Amino acid sequence: MMDVRWGNYVWKGPRPVASSEIEQLEAQWGVELPGEYKRLIAGHQGMTPEPCVFKVGRGANVFSVLLTVTRDAERASYSIQDSYNRIRSHAPSGLYPFGKTPGGEYLCFDYRGSVNQPRIALVTVEMAVHPVANSFQELLDGLHDD
């Protein structure tokens, strides 16, 4: 397991997320987000992980950015809520995006099997769903260099 470092991506520096913003997101979606995600997003929204490669099926993909909870009209394509609105009517219910790949695919919390401990899934641009990890922590622990 490698230590994950977070670098600037959406903005020139970190933009902390207020706990009230996270609570509002949870209320909108009707879920409780994993604690490790809430701790991470509080200080790293819109940032890119290093290492960033994760396994999916027999291949690999790249976790390019942690979507933003804070709204920024100039960076709407990185907004967690705008991303959710984009996939909501096409992907199965119970999937909530938190990350994006360079190809425009979404890393999502998958609450379809458990309301308490979501798995992690990749939703492709064709809206196909592929399992990635059993938890958010397992995803982070599995990140590696290419």
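Use the structure listed above.
Quick caveat, the model's predicted, so the values are computed rather than measured.

Procedures and definitions
Residues numbered from 1 in each chain as written. Predicted model: local features only at pLDDT ≥ 70, side-chain atom pairs only at ≥ 80, totals over all residues. Heavy atoms only, no water. Core = buried A, V, L, I, M, F, W, Y, C linked by side-chain atoms within 4.5 Å. Buried < 20%, exposed > 50% of the residue type's maximum accessible area, 1.4 Å probe, protein only. Contact = heavy atoms within 4.5 Å. Salt bridge = Lys/Arg side-chain N within 4 Å of Asp/Glu carboxyl O. Helix = DSSP H or I, 4+ residues; strand = E, 2+ residues; numbered from the N terminus. Pairing = 2+ DSSP bridges.

> Would you mind going over the nonpolar core in detail, with residue names and values included?
A general feature of soluble globular proteins is that nonpolar side chains tend to end up buried together. Ranked by size, the top nonpolar core spans 39 residues in total, and within it Y37, F98 and L139 carry the most contacts. Contact partners of F98, with chain neighbours within four places excluded, come to Y37, F63, V65, L66, L67, I80, L107, C108, F109, I120, F136 and L139.

> Could you give an account of the pattern of salt bridges, with specific residues and numbers?
Between side chains of opposite charge, a pair can form as their charged atoms come close. Using the criterion set out here, one finds 4 salt bridges in the structure. In this structure, D72 and R15 form a salt bridge, with 3.6 Å as the shortest nitrogen-oxygen distance. In this pair, D72 sits in the loop between β5 (65-66) and α3 (80-87) while R15 sits in the loop between β1 (5-8) and α1 (19-29), placing the two residues 57 residues apart along the sequence. Classification of R15 by relative accessible area gives partly exposed; the value is 38%. The partner of K38 in a salt bridge is E26, with the nearest N and O atoms 3.1 Å apart. One end of the pair, K38, is in helix α2 (residues 35-44); the other, E26, is in helix α1, with 12 residues separating them in the sequence.

> Break down the sheet that holds strand β9 (residues 129-133) for me, with residues and values.
Pairing is antiparallel across the open sheet formed by 5 strands, whose spatial order is β5-β6-β7-β8-β9. Looking at which strands have only one partner, the edges of the open sheet turn out to be β5 and β9. Here strand β6 (residues 95-100) pairs with strand β7 (residues 106-110) via 5 bridges, running antiparallel. Along β7, the bridge assignment pairs Y96 with F109.

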